[in-house]
Amino acid sequence: MKICVYAISKNEEKFAEKWIKNMSEADEVIVLDSFSTDKTKEILEKYGAKVYQEEIKPWRFDKARNASLSHVPLDADICVCVDLDEVFEQGWRAKLESAWKIGTKQARYKYVWNHNEDGSEGVCFYSDKMHTRHDFAWINPVHEILRYTGQDKYDSVLVPDLCLHHYADITKPRSSYLPLLELSIQEDPTNDRNMHYLGREYMFYGKYNESIATLKKHLSMPNALWKDERSSSYRYIARCYKALNKKSLAIRYFKLACIEGVNLREPRLELAELYYSSKKYTDCLYVLLDLFKITNRNLTYISSPQCWSSYPHDLASICYYKLKDYSSALYHAEQALLLSPNDERIASNIRYFQYCLTKK
């Protein structure tokens, strides 16, 4: 089985050597470089990558990835698209080959988008950038995805235990994202996924009214059916209203986010935080207790590691303390400490709640 990795790059010198060594399990490594001015090209070629240089003007991610894919040999069995700030856990090739069956055209695998301060996994979801050489093309100027262009049955597999880790370069600007998302919607106004991303991007830029209008448009689209993403649109609208100091509307849309995302902790935690900031501790606890009923974490990009950390129990313990329910405060502080055993503040809270119970 011939497996080829392909990528795009520009000024990735800090990642290049680690990346190319990590990709050594592939038969070939192809990189389309946009005329890096550092040593990216030299490092990649030193360790065996085939580097082609081309300037994509105007820049768009789908054109760049398709240009990179075009250099992959036609006899490749599997193409693996990996950015230079991403690395696989060792043994990825054997896992991929084992899962790939006759008729398979695409593979999904665990993707760790970011990491917590202690190095543990942060946001995780499934990615699907492994595919056959033919019958696939990249679409969308940004937040690009693979489109299947073949006529035969389209089969995909999940590769157990295969994991790709992302270590983003936070110094790189994301200024191109907003105009590319606007372009994406101009090209395809029915693209519900990028309509959602556009609304989120407006929120990131502090363009709250534009964000609200765009996210409401996303929610009105007949093809916007994924409830988790719909819940996120409601949640981002709520964030915008909160930023605009329209608290009642923020509460309303956080509640709508909870209704839409019955399996999601994220909207519940943000609603609880809003109640807590308003000193509505009973309301905050009501939402948190509903949050604790959700025990399965879905691996999607929407899942926030904070929701599964010690933080919700920590917040609940403080609310119970404010309400002078020291027994419940102690219980939730102990649950928080189980999740963050080295947190001295939580440990100190436990000792104080124990003291409060003795004085009761």
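Residues numbered from 1 in each chain as written. Predicted model: local features only at pLDDT ≥ 70, side-chain atom pairs only at ≥ 80, totals over all residues. Heavy atoms only, no water.

**Things to note about the pattern of salt bridges**
Now for step 1: Counted under the stated rule, the structure contains 22 salt bridges.
Now for step 2: When the shortest N-O distance is used, the salt bridge between Lys 21 and Glu 17 registers 2.8 Å. Of this pair, Lys 21 and Glu 17 both sit in helix H1 (residues 13-22), four residues apart, which is roughly one turn of the helix.
Now for step 3: Of the residues examined, Glu 17 reaches a relative accessible area of 35% and is grouped as partly exposed.
Now for step 4: As a salt-bridge pair, Lys 50 and Glu 28 come within 3.3 Å of each other at their nearest N and O atoms. (Salt bridge = Lys/Arg side-chain N within 4 Å of Asp/Glu carboxyl O. Helix = DSSP H or I, 4+ residues; strand = E, 2+ residues; numbered from the N terminus. Buried < 20%, exposed > 50% of the residue type's maximum accessible area, 1.4 Å probe, protein only.)

**As for the nonpolar core**
Now for step 1: If you look at the biggest cluster of nonpolar residues, it comprises 54 residues, and the most contacted ones within it are Trp 19, Val 80 and Leu 96.
Now for step 2: When neighbours within four sequence positions are excluded, Trp 19 is seen to be in contact with Val 5, Ala 7, Val 29, Val 31, Leu 44, Val 82, Asp 83, Leu 84 and Glu 86.
Now for step 3: Residues Leu 271, Phe 292, Tyr 320 and Phe 353 belong to the second largest nonpolar core, which totals 38 residues. (Core = buried A, V, L, I, M, F, W, Y, C linked by side-chain atoms within 4.5 Å. Contact = heavy atoms within 4.5 Å.)

**Re the pairing of strand E9 (residues 145-148)**
Now for step 1: Burial along E9 is one-sided: the face carrying Leu 146 and Tyr 148 is buried and the face carrying Ile 145 and Arg 147 is not.
Now for step 2: In this sheet, E9 lies alongside strand E8 (residues 136-139) in antiparallel orientation, the contact comprising four bridges. Its bridge partner being in E9, Trp 138 is matched across the sheet by Leu 146.
Now for step 3: The antiparallel hairpin formed by E8 and E9 contains five residues in its connecting segment, where Asn 140 sits at a positive phi of about 85°. (Pairing = 2+ DSSP bridges.)

**Some details on the pairing of strand E3 (residues 50-53)**
Now for step 1: With four bridges joining them, strand E2 (residues 28-33) and E3 adopt parallel strand pairing. Looking at E3, one finds that Leu 32 is bridged to Tyr 52.
Now for step 2: Once you follow E2 into helix H2 (residues 40-46) and on to E3, the crossover reads as right-handed. (Right-handed = clockwise from strand over helix to strand, strands pointing away.)

**Regarding helix H7 (residues 208-220)**
Now for step 1: Taking 1.5 Å as the rise per residue, H7 with 13 residues should run 18 Å; its terminal C-alpha atoms sit 18 Å apart, in good agreement.
Now for step 2: Among the residues of H7, those classed as buried are Ser 211, Ile 212, Thr 214, Leu 215, His 218 and Leu 219.
Now for step 3: In this structure, the buried side of H7 is in contact with helix H6 (192-204) and helix H8 (227-243). (Expected span 1.5 Å × (residues − 1).)

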